Amino acid sequence: DPAHGPLANLPVLAVSGWERIGAPLEGALRGLARDSATGRYLAVTEGYGVYLLDSSAARVLHHVALDGGFSIDLTPLTGAAFLGGDTLALVGTNKSWVLLRPDPKADAAEMWRRFRATDGGVTELNRGRFATVRARLQYVRSLAFDPAAQELITVSVPSERQKRLVVSRFARRDRMLSSEFVPRLGAGLTARGEDRSVAEYVVTGAAVADGRLYAISAAYSTLLVIDLQDRTVKAAYAVPGLQRPVGVAVRGSQLLVAQADGRIAVIERPAP
């Protein structure tokens, strides 16, 4: 219930419509991204399923199932992002990442070790793990890409031992940490009490547009708008009606909030 969240008197951002991923997916949805240039979608499902979908989200263009035990310890996927061109980025809960690329000349003999299943048209480029400082002992449930800064972004989720929300930024070129911060509250936002903070939010989806990070929290069904330049939560909105949100994508003036069952809530992107 947004009314029980750590921030008081939040305006309501109503869902203007509902859509659904029409393509057949194996397993519950765990993350969603949209390519602004082509309109294609990138979906990850429980376990290690990866789907590149067309602009209607009704047809599967490519599909692979990653081998989570190859090379590094890759925990179940929970976030996805387009890095421009045909490069696809994925992240697991333990901040391990994978880069893929659609490739009609994919080497089946090379890829069999990396995939449990493949349609034969995808090449894995690299794997590794994001190294953080402030969020070193925390998991993540989202991945975003900032095209202006050419950086990938994760948002940590709290645990009983590590109760903080950390935004970490990594250079696309080498996936090394560029900066990280604990966002402060902007003007007009107040906590319900001295013992309440944004660290209570559990961000399960994030996307970047116009220099702002739009992060959806499954806890308290709240949308956080974080200014990446001044590292401040500029605004927050209660979004009633969501159930298990797992991803956020930008479509023009709209935000698409994906749920685990494949439904997509359409909301108008708040003006700066």
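As the structure is a computational prediction, the values presented were derived from the model and not from experiment.

Some words on the overall build of the protein chain
Helix and strand content of the protein chain: one helix and 23 strands. Its C-alpha atoms give the protein chain a radius of gyration of 18 Å, within 12% of the compact-globule value 19 Å for 272 residues. Dimensions of the protein chain, computed from the C-alpha atoms along their principal axes, are close to 60 × 40 × 30 Å. For the protein chain, buried positions account for 56% of its 272 residues. Partitioning the intrachain contacts of the protein chain with sequence separation of at least 6 by distance along the chain shows that 52% fall at a separation of at least 24. Looking at the protein chain as shown, the accessible area adds up to about 11800 Å², and 48% of this sits on carbon and sulfur atoms.

Quick look at the packing of aromatic side chains
One pass over the structure, following the stated rule, counts three aromatic pairs. Aromatic side chains Trp 97 and Phe 130 sit 6.3 Å apart centroid to centroid with 40° between the ring planes, which places their arrangement in the tilted category. Separated by 33 residues along the polypeptide, Trp 97 in strand β8 (residues 96-102) and Phe 130 in the loop between β10 (122-129) and β11 (139-140) bring together distant segments of the chain. Judged on exposure class, the residue Trp 97 and its partner Phe 130 are both buried.

Let's talk about the nonpolar core
Where a protein is soluble and globular, its nonpolar side chains tend to be buried together. Counting residues in each nonpolar core, the largest one holds 21 residues, and the members touching the most others are Ile 153, Leu 165, Val 167, Tyr 201, Leu 213, Leu 224 and Ile 226. Every element with two or more residues in this core is listed here: β13 (151-157), β17 (203-209), β18 (212-217), β19 (222-227) and β20 (232-238). Of all the elements, β17 adds the most residues to this core, at three residues. Filtering out sequence-adjacent residues up to four positions away, Leu 224 remains in contact with Leu 165, Tyr 201, Leu 213, Tyr 214, Ala 215, Val 233, Ala 235 and Ala 236.

Considering the sheet that holds strand β2 (residues 29-34)
Within a sheet, neighbouring strands are paired by backbone hydrogen bonds and run either parallel or antiparallel to one another. The strand order β2-β3-β4-β5-β9 describes an open sheet built from five strands, whose pairing is antiparallel. Where the open sheet ends on each side, the last strands, each with one partner, are β2 and β9 (115-118). Within the sheet, the average angular offset between the axes of one strand and its neighbour, ignoring direction, is 15°. In terms of strand pairing, strand β3 (residues 41-45) meets strand β4 (residues 49-53) through five bridges, oriented antiparallel. Within β4, the position partnered with Ala 43 by the bridge is Tyr 51.

A look at the environment of Arg 134
Looking at the secondary structure, you find Arg 134 in the loop between β10 and β11. On the basis of relative accessibility, which here comes to 43%, the residue Arg 134 falls in the partly exposed class. Separated by 66 residues in sequence, Arg 134 and Glu 200 place their C-alpha atoms 16 Å apart. In this structure Arg 134 touches Arg 164, Val 166, Glu 180 and Val 182, once residues within four positions along its chain are discounted.

Some points on unusual backbone geometry
Although it is not a glycine, Lys 95 adopts a positive phi angle of roughly 75°. Within the secondary structure, Lys 95 is located in the loop between β7 (88-92) and β8. Lys 95 gets classed as buried once you look at its relative accessible area, which sits at 5%. Although it is not a glycine, Arg 244 adopts a positive phi angle of roughly 55°. Within the element layout of this structure, Arg 244 appears in the loop between β20 and β21 (245-251).

Section: the pattern of salt bridges
On inspection of all chains with the given rule, the structure shows 18 salt bridges. Across the salt bridge formed by Arg 59 and Asp 54, the nearest N and O atoms sit 3.8 Å from each other. Three or more residues are tied together by salt bridges with common partners; here these are Glu 110, Arg 113, Arg 114, Glu 124 and Arg 127.

Comments concerning the sheet that holds β10
Strand order across the open sheet formed by four strands is β6-β7-β8-β10, with antiparallel pairing between neighbours. The outermost strands of the open sheet, each flanked by one partner alone, are β6 (77-82) and β10. For this sheet, the mean angle separating the axes of adjacent strands, direction not counted, is 20°. As paired strands, β8 and β10 are joined by seven bridges and run antiparallel to one another. The residue bridging Leu 100 from the neighbouring strand is Glu 124, located in β10.

Thresholds applied
- Residues numbered from 1 in each chain as written.
- Predicted model: local features only at pLDDT ≥ 70, side-chain atom pairs only at ≥ 80, totals over all residues.
- Heavy atoms only, no water.
- Helix = DSSP H or I, 4+ residues; strand = E, 2+ residues; numbered from the N terminus.
- Rg over C-alpha atoms; globule rule 2.2 N^0.38 Å.
- Buried < 20%, exposed > 50% of the residue type's maximum accessible area, 1.4 Å probe, protein only.
- Contact = heavy atoms within 4.5 Å.
- Areas by Shrake-Rupley, 256 points an atom, 1.4 Å probe, with all protein chains shown as cover.
- Phe/Tyr/Trp six-rings, centres within 6.5 Å; stacked < 30°, edge-to-face > 60°.
- Core = buried A, V, L, I, M, F, W, Y, C linked by side-chain atoms within 4.5 Å.
- Pairing = 2+ DSSP bridges.
- Axes fitted to C-alpha atoms, helices over the stretch in contact; angles between N-to-C directions.
- Salt bridge = Lys/Arg side-chain N within 4 Å of Asp/Glu carboxyl O.

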